[in-house]
Amino acid sequence: MSLLSIVLPAYNEEDMILKSAKVITKLLQTHKIPIEIIYVNDGSRDGTWQAIQQASIELPNVKGICLSRNFGKEAAILAGLKYATGDCAIVIDCDLQHPPEKMIEMYHFWQEGFDIVEGVKASRGNEGMLHKLFAKSFYALINRATGFDMERSSDFKLLDRKVIDAYLNLPERKLFFRALSFWLGFNSTTLEFHVQERETGQTKWSYLSLAKYAMTNITSFSTAPMQLVTIVGLLFFIFASILGFQSLLNFARGESLEGFTTVILLLLGVGSVIMMSLGIIGYYIAKIYEETRQRPRYIISETSIKDQKL
Ligand code: UDP
Ligand code: MG
């Protein structure tokens, strides 16, 4: 049987580590699938790392990687995949909101020859109105930018070894796990699941962090906001031509002293559009700057894996 690596990013999840490790181990043992479980502690402030170390002592196939600070879920997933030695790997949240039973079906799909098995949300679970609205508009934008419909997609996925290698070899610093498996191509299929309620702890996403996440991912997939600047500029040019023509006409007729309100409105309008445009361009320049610095995507401070170099 082929080895399955299970990667679980964990940020302040001390209560969930041992619990999820036991649930997963038991489940896969009954289905006789050989596994390794890799927890990535994403700079947690609570006892998550201690819990992971404890779990790796109690259960022989649990491994732990500790990042030096909170690098975010994307980086944690990447670190986990980097250390995965299996023929395929499943990325799953360690709060058990992704139903572990589905991993069995994913594995069977993989055995049938699929390279990527996407977990898609049959329902979005319990989320607030505002959260739903944000999520909807974010995915609408992403959909337009990339041409992929990702509204129901999640980070719960199975990847074949060759997909993992392709993913790890992507040079960019900022990655968007959910979308890159679309971009990578390969032979993929989807599997529906219902998002479970969180048992303990709370979601790590605030509105601010969600907004940042949205900005980063939209701009990493699309330059449409920059083109928007050109379009707005064009519209203003047309408007300005008409107004310019009218002003000239007024001047010729000797009625040119009026229209002070128009001047003020124009100044304010043009000013704010220029500011916003600079902001958008600045955002892309910042991204270029970040990518060219070539900083590592995460830093590992320690691992529970013996005789393996950091
Ligand atoms: N997570 C992480 N780093 C972070 C935020 C979250 O590794 O900076 C992990 C978290 O421990 C969990 C998963 O990502 O296993 C999903 O996070 P969460 O449950 O907070 O998100 P939600 O399910 O609400 O989308
Ligand atoms: Mg969750």
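Residues numbered from 1 in each chain as written. Chains lettered and ligands numbered in written order. Predicted model: local features only at pLDDT ≥ 70, side-chain atom pairs only at ≥ 80, totals over all residues. Heavy atoms only, no water.

Positioned with a positive phi, Leu96 is a non-glycine residue whose angle comes to about 60°. With respect to the element layout, Leu96 can be found in the loop between β4 (88-91) and α4 (102-111). For Leu96, a relative accessible area of 10% gives the class buried. Although it is not a glycine, Phe186 sits at a positive phi angle of roughly 70°. Take Phe186: it is sitting in the loop between α7 (177-184) and β7 (188-194). (Helix = DSSP H or I, 4+ residues; strand = E, 2+ residues; numbered from the N terminus. Buried < 20%, exposed > 50% of the residue type's maximum accessible area, 1.4 Å probe, protein only.)

Right, let's get into the confidence of the model for the protein chain. When pLDDT is averaged along the protein chain, the result is 84; 94% of the residues meet or exceed 70. Ranking the helices and strands of the protein chain by mean pLDDT puts β4 first, with 94, and α7 last, with 75. (pLDDT = per-residue confidence, 0-100.)

This paragraph deals with the nonpolar core. One finds Leu4, Ile6, Leu28 and Tyr39 to be the most contacted residues of the largest nonpolar core, which totals 35 residues. Sequence-distant contacts of Leu4, that is, excluding residues within four places in its chain, are made with Leu28, Ile33, Pro34, Ile35, Glu36, Cys88, Ala89, Ile90 and Tyr107. Among the nonpolar cores identified, the runner-up in size contains 28 residues, and Ile77, Leu78, Ala89 and Tyr167 belong to it. (Core = buried A, V, L, I, M, F, W, Y, C linked by side-chain atoms within 4.5 Å. Contact = heavy atoms within 4.5 Å.)

Attention now goes to the sheet that holds strand β2 (residues 35-41). The eight strands are arranged β7-β5-β6-β4-β1-β2-β3-β8 in an open sheet whose pairing can be described as mixed. The open sheet has two free edges, formed respectively by β7 and β8 (300-303), since each of these has just one partner strand. Sheet twist, expressed as the mean angle between neighbouring strand axes with direction ignored, is 20°. Of the pairings in the sheet, the one linking β2 to strand β3 (residues 62-67) comprises five bridges and is parallel in character. By the bridge assignment, Ile37 is partnered in β3 with Val62. (Pairing = 2+ DSSP bridges. Axes fitted to C-alpha atoms, helices over the stretch in contact; angles between N-to-C directions.)

Within the element layout of this structure, Thr303 appears in strand β8. Classification of Thr303 as buried rests on a relative accessible area of 18%. For the pair Thr303 and Ile77, spaced 226 residues apart in the sequence, the C-alpha separation amounts to 15 Å.

For the rest of this paragraph, the subject is the pattern of salt bridges. Taken as a whole and assessed by the stated rule, the structure comprises nine salt bridges. Linking Lys157 and Glu118 is a salt bridge whose minimum nitrogen-to-oxygen distance equals 2.6 Å. With Lys157 in strand β6 (residues 153-160) and Glu118 in strand β5 (residues 116-123), the pair connects residues that are 39 residues apart, well separated along the chain. Neither residue differs from the other here; Lys157 and Glu118 are each classed as buried. For Asp165, the salt bridge identified is with Arg161, shortest N-O distance 3.2 Å. Here Asp165 pairs with Arg161, and both are found in helix α6 (residues 161-168), just four residues apart, close to one helical turn. Each of the salt bridges in this network shares a partner with another, and the network as a whole consists of Lys73, Asp93 and Asp155. (Salt bridge = Lys/Arg side-chain N within 4 Å of Asp/Glu carboxyl O.)

Running from N to C, helix α9 (residues 224-253) and helix α10 (residues 260-293) cross one another at 160°; their axes reach a closest spacing of 9 Å. Our classification of the angle between α9 and α10 gives roughly antiparallel. At the point where α9 passes α10, the crossing takes the left-handed sense. Two secondary-structure elements touch here, α9 through Ala224, Pro225, Met226, Val229, Val232, Phe236, Phe239 and Leu243 and α10 through Thr262, Leu266, Gly269, Val270, Val273, Ser277, Ile280, Ile281 and Tyr284. The residue inventory of the contact of α9 with α10, partitioned by class, reads 14 nonpolar, three polar and no charged. (Parallel < 35°, antiparallel > 145°, perpendicular 65-115°, else oblique. Left-handed = near helix turned anticlockwise from the far one by under 90°. Nonpolar A, V, L, I, M, F, W, Y, C, P; charged D, E, K, R; others polar.)

Strand β1 (residues 4-10) sits mainly inside the fold: seven of its seven residues count as buried. By the alternation rule, side chains of β1 split into Leu4, Ile6, Leu8 and Ala10 and Ser5, Val7 and Pro9, which are all buried. Looking at chain direction, β1 and β2 are connected through seven bridges and run parallel. By the bridge assignment for β2, Val7 is matched with Ile38. Taking the sense of rotation as the criterion, the β-α-β connection linking β1, helix α1 (residues 14-30) and β2 turns out right-handed. Across four bridges, the pairing between β1 and β4 is parallel. Bridged to Leu4 within β4 is Cys88. (Right-handed = clockwise from strand over helix to strand, strands pointing away.)

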